[in-house]
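# Coordinate analysis (summary)
Given next are the chains, with one letter for each unit.
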Amino acid sequence: MKFVSIKTKLFLALVLVSVIPIVIVTYSSYQSYTDLVNQQTSLVASNTVHNTVQGIEDIFGNIERISLTIQQQSSSATAYSTVSDELKKLALTSDSYDIFIIQNKLKLIFENLLLSYDYVNGIYLFAPDGKNISYGSTAELQVGYVPFQDDWYQQTIASKGQLYIGEPGVKPYIINSEPSLVFSRALYDMKTQEFLGVFMLDCSLDIFKGLNQDAVPNMSYFVLANDDGNIIYDSTGKNTDTRLPSALIRRTEAMAGDELEFYDGDMLTVIQKLPVYHWSVIANISLSGLYEKYGISRKLIVYISLTCAVIFILLSVLLSNWITKPITRLARIMRKNKSQKFITTEIEPQRVDEIGFLYTEYNKMMKDIDTFVRESYQNKILTMDSQMKALEAQINSHFLYNTLESINSIAEIEEVDSIAVMTKSLGDMFRYSIKTDSELVLAREELQHVDNYMTIQQIRYGSKIRYVKEMEPAVLEARILKLILQPLVENAVYHGLENKKGSGLLLLRGYLEPESGRIIFEIRDDGIGIPAERLNEIQELLELQPEFMGLGHRSRQSIGIKNVHSRIALYYGSDFGLAITSEPAAGTAITLTLPSK
């Protein structure tokens, strides 16, 4: 399980206790204010559409009143002569002078209308017999124009005196026409219901300019479109004489009522129909703009919450550090005590709470352990030193017995100079064995001890044993535990090569391992090898932990491989020692691993 400090746990607990309520309150407040902004947005959009619809109805109502009253309107010069009276006269005369007089009488009426409404381009009267009277500042009829076959005229007649609204666009029957909207009405005598002609107003699209004055500036615009999806007026002035997007047309056609509201990305769209005129008002409100305008309080909520969260986190850090600092300090001291230094500590100022009690008991425990370890390890060290000396004595005595037997055998058979060589080598070996300056010697001294031993054995066995030594120069100057190579070489001679038929090879190799820097010694022979069952016993024996024994006691185990392995493990630790491999009739290899320092 991954280690998590008490400081971290306390910090997380404090953060959760303080920050989670802030998050919950912030989220709730944020959502509430967002809902409020959305409601305000919807209200702004609805008001924009309603104001636009009301403005359109006011415009159409004004046109309606103009068209209804114009036939009863009179000029000051002809107080008792109305537009209807003049139309009746126009129908009864064909004289150019009479027509001119009628036009002049109507001029004052038309001028008053043109001056009162700057969006009126022209005013036109069409008699049933094809005569017409027109008056306009920029819109004059084409010469000889007769409207009887035009769709707007037919629709006006069919409306039976109701106001007819034509399609916006350029009118081919008006000279220098620009996009405009035509309103027309069939005129009848109020008494006899006689058809007198058709009254028509040509109005520029500026008629709708004032409709967006109550909208939110730079955040909303509206579009006026007919039931076919053609745009009549766009408050931005960009989409006149074009069509609505197909998706918007489908939404408009599928409306169940007169009003529809929906969101499309960053835009809120509100559609309201004008059933009487077969038009629709479509308003678009930019949500990001409204959020920027009305969302200051929402940002303030977030900023305050973040500030509180940061303050609480800092307080959590300070509190967790203040509460756990003594415990962390004690834990750090306890980790140092893994090296068995048994460090005690003092807590300042002196505390009388649970932490103070913990420090006091810890110090007492460290002193007790230190006393126990000193007494226990002192006895074990003495025991280990005695056992190591006993191991050396076992090795020396065993070797001395075998060597003396060899000298005796040679001396009985023949008197030769080789006896002097053997005794010289034997004397050097004895002197090296009883050397007590230190347990550690230079590797070249240990190898010289092996050379002395092999000198004796080569005199004994002659050409039967060929001895080869390969050493890296760096190995020779390393300090190693003494009397660890000769027993292994002896083991190879007596158990591997002595009983082999014919000559054999003994290889002693030493080198530094590149990866770890450890010293490796290899003792290889091509002798008879070790049976598998016996090899398993030896390997199991090597895996046993070295045991301390009382003073004067000796292990009953073999003095060869196990004793060397035990000495190395006792001195260097369990990571070092030897390993053995062997194959019957092929030979044996022993690998010795030592630290380089």
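Presented here is an overview of the structure given in this document. (Residues numbered from 1 in each chain as written. Predicted model: local features only at pLDDT ≥ 70, side-chain atom pairs only at ≥ 80, totals over all residues. Heavy atoms only, no water.)

## Considering a nonpolar patch on the surface
Together, Ile311, Phe312, Leu315, Leu318, Leu319, Trp322 and Ile323 make up an exposed nonpolar region whose accessible area comes to about 720 Å². Counting through the fold element by element, isoleucine 311 comes out in helix 7 (residues 296-336). Exposure remark for isoleucine 311: the relative accessible area of 45% places this residue in the partly exposed category. (Patch = residues over 30% accessible without salt bridge, like charges linked within 9 Å, V, L, I, M, F, W, Y side chains within 5 Å. Areas by Shrake-Rupley, 256 points an atom, 1.4 Å probe, with all protein chains shown as cover. Salt bridge = Lys/Arg side-chain N within 4 Å of Asp/Glu carboxyl O. Helix = DSSP H or I, 4+ residues; strand = E, 2+ residues; numbered from the N terminus. Buried < 20%, exposed > 50% of the residue type's maximum accessible area, 1.4 Å probe, protein only.)

## Quick notes on the nonpolar core
Among the nonpolar cores identified, the biggest contains 47 residues, and Leu125, Phe183, Leu201, Phe208 and Trp279 are the most heavily contacted of them. Tallying contributions element by element places helix 1 (residues 6-69) first for this core, with 8 residues. The residues contacting leucine 125, other than those within four sequence positions of it, are Val83, Leu87, Leu106, Phe110, Lys131, Asn132, Ile133, Leu187, Val198 and Phe199. With 43 residues, the next largest nonpolar core counts Met471, Ile484, Val493 and Leu594 among its residues. (Core = buried A, V, L, I, M, F, W, Y, C linked by side-chain atoms within 4.5 Å. Contact = heavy atoms within 4.5 Å.)

## Describing the packing of aromatic side chains
Considering all chains together, one arrives at 9 aromatic pairs under this definition. Seen in terms of ring centroids, tryptophan 152 and tyrosine 173 are 6.0 Å apart; in terms of plane orientation they differ by 35°. Their pairing is tilted. In this pair, tryptophan 152 sits in helix 4 (residues 151-158) while tyrosine 173 sits in the loop between strand 4 (164-165) and strand 5 (174-175), placing the two residues 21 residues apart along the sequence. Note on tyrosine 572 and phenylalanine 576: the rings are 6.2 Å apart at their centroids and 65° apart in plane angle, and the pair reads as edge-to-face. The class for phenylalanine 576 is buried, based on a relative accessible area of 14%. (Phe/Tyr/Trp six-rings, centres within 6.5 Å; stacked < 30°, edge-to-face > 60°.)

## Section: the environment of isoleucine 174
Looking at where isoleucine 174 falls in the secondary structure, it is placed in strand 5. Spatially, the C-alpha atoms of isoleucine 174 and valine 143 are 9.4 Å apart, while their sequence positions differ by 31 residues. Discounting residues that sit within four places of it in the chain, isoleucine 174 has contacts with Tyr124, Ala139, Glu140, Leu141, Gln142 and Asp202.

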